[in-house]
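Here are the chains, one letter per residue:
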2 protein chains.
Amino acid sequence: MKMSEGVEWGLHCCLALAWLGDDTAVPTATLASAFDVPPHYLNKFLQALVRADILASSAGVKGGFRLAKRPEKITLLDVVTAIEGPEASFRCTEIRRRGAGVTARPSEFAMPCGIAIAMGRADAAWRRELAAQTVADLVKAAPPAGAERMRCWYAPRAR
Amino acid sequence: MKMSEGVEWGLHCCLALAWLGDDTAVPTATLASAFDVPPHYLNKFLQALVRADILASSAGVKGGFRLAKRPEKITLLDVVTAIEGPEASFRCTEIRRRGAGVTARPSEFAMPCGIAIAMGRADAAWRRELAAQTVADLVKAAPPAGAERMRCWYAPRAR
DNA sequence: GCCTATGTACTCGGATATCTGCTGTCCGAGTCGGATCGG
DNA sequence: CCGATCCGACTCGGACAGCAGATATCCGAGTACATAGGC
């Protein structure tokens, strides 16, 4: 069970865009060079964040990406869900009904699988913790020097 | 991010073995037929559970698998870790140090990456919830009819 | 001098190859149980 | 009849292919800006 590295990239991009402010559009190439990742591949994840209404994109010469909402409104769960998809990591395939289970009376399966419930409880705790944190919290926790560096990185590339 | 289906299989096998009691060894083929899964593939995960000291295996004609400890001592986290591995789903690759980060003073990276901390907090909540539940809890939550069916499934295959 | 039309360069967006890790399968080493033979 | 020995079949354990999803890359559609021309 490995999470896509796109989640890490997406979160860092959101933090960088929050640092730069709301009115500056940053193209993929600039973000990719800031983290030294493949630009075309990063673009794939930025598109996913646009579809989830986390980022807003603008085309054209001075186009690029910016945050679609205020940082306080973007939770970590939003970003993770946008990139990893909404499905839970554990998926119950109801193997209890197969094999020995085919002889059971249907009423036995009236209540959902206890294993799925237990795993779902852990998944809910995970999502709850992710939903409790926003990009604004990341901004507050990060050292201020990072924001300054990101502005210095962006400035010479803007026109 | 998809969890291996081996986790579901492993948990159902632990539950079945807890139902059958401590002194009956169940071979792979019987467990596989009980859930209608590929026997050789299931064996792979049962081996992982043995390595984690969750199951105990015995060779020979009347050999098979049984629980290595009491069900109260086996947490869901134990089973998940045995099959999925101990690593967290999110892995920080420190991209903050690359690209724009190479110009930063080393002191800026004295404290760990805030994004990794936030994701680690969610991962900790997930593990905490998994560690709080044991196989014995699954036994209590499951309908008693399941245990009876499993015994009926096992009995004609034992000698 | 001002407005409009045009062209260009740059952007995002989706469609396309490659590759690692999960999925599925197989055969060999080891072991227990039972059968056989001898006393 | 009882015990030791041998044989056989069954078990686990690790090593070997196949495939799906993540990784990485590319090119096309669309847009905003700058420029040139006309009024």
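Values in this document were obtained by computation on a predicted structure and should not be read as measured data.

Caption draft 1: Spatial organisation of the protein's contact with DNA strand D. If you check the shell around DNA strand D, you find 21 residues, and the closest are Ser4(A), Tyr41(A), Arg51(B), Ser57(B) and Gly60(B). Take Ser4(A): an N or O atom from its side chain is 2.8 Å from a phosphate oxygen of DNA strand D. With respect to DNA strand D, the side chain of Thr28(B) contributes an N or O atom lying 3.2 Å from a phosphate oxygen. Elements that contribute at least two residues to the surface near DNA strand D include exactly α3 (39–51) of chain A together with α3 (39–51), β1 (55–58) and β2 (64–67) of chain B. Within the surface near DNA strand D, the residues separate by chemical class into six nonpolar, ten polar and five charged.

Caption draft 2: Region of the structure containing the relation of the copies chain A and chain B. Overlaying chain A with chain B gives an RMSD of 0.1 Å, the required rotation being 180° about an axis along which the chain moves by 0.0 Å. Look at the turn and shift together and you get a two-fold axis relating the two. No C-alpha of chain A approaches the rotation axis more nearly than that of Trp126(A), which lies at 2.5 Å.

Caption draft 3: The environment of Glu94(A), seen in detail. Here Glu94(A) is to be found in the loop between α4 (76–84) and α5 (114–131). Its relative accessible area of 24% is what places Glu94(A) among the partly exposed residues. C-alpha of Glu94(A) to C-alpha of Ile115(A): the two residues are 21 residues apart in sequence and 9.8 Å apart in space. Residue contacts for Glu94(A): discarding those within four places in its chain leaves Cys113(A) and Glu8(B). Of note is the side chain of Glu94(A), whose polar atom sits 2.8 Å from the side chain of Arg96(A).

Here is what the cut-offs are and how they apply
- Residues numbered from 1 in each chain as written.
- Chains lettered and ligands numbered in written order.
- Predicted model: local features only at pLDDT ≥ 70, side-chain atom pairs only at ≥ 80, totals over all residues.
- Heavy atoms only, no water.
- Near = heavy atom within 4 Å.
- Polar contact = N/O pair within 3.5 Å; in protein donor to acceptor, adjacent residues only side chain to side chain.
- Helix = DSSP H or I, 4+ residues; strand = E, 2+ residues; numbered from the N terminus.
- Nonpolar A, V, L, I, M, F, W, Y, C, P; charged D, E, K, R; others polar.
- Least-squares fit on C-alpha atoms with pLDDT ≥ 70 in both.
- Buried < 20%, exposed > 50% of the residue type's maximum accessible area, 1.4 Å probe, protein only.
- Contact = heavy atoms within 4.5 Å.

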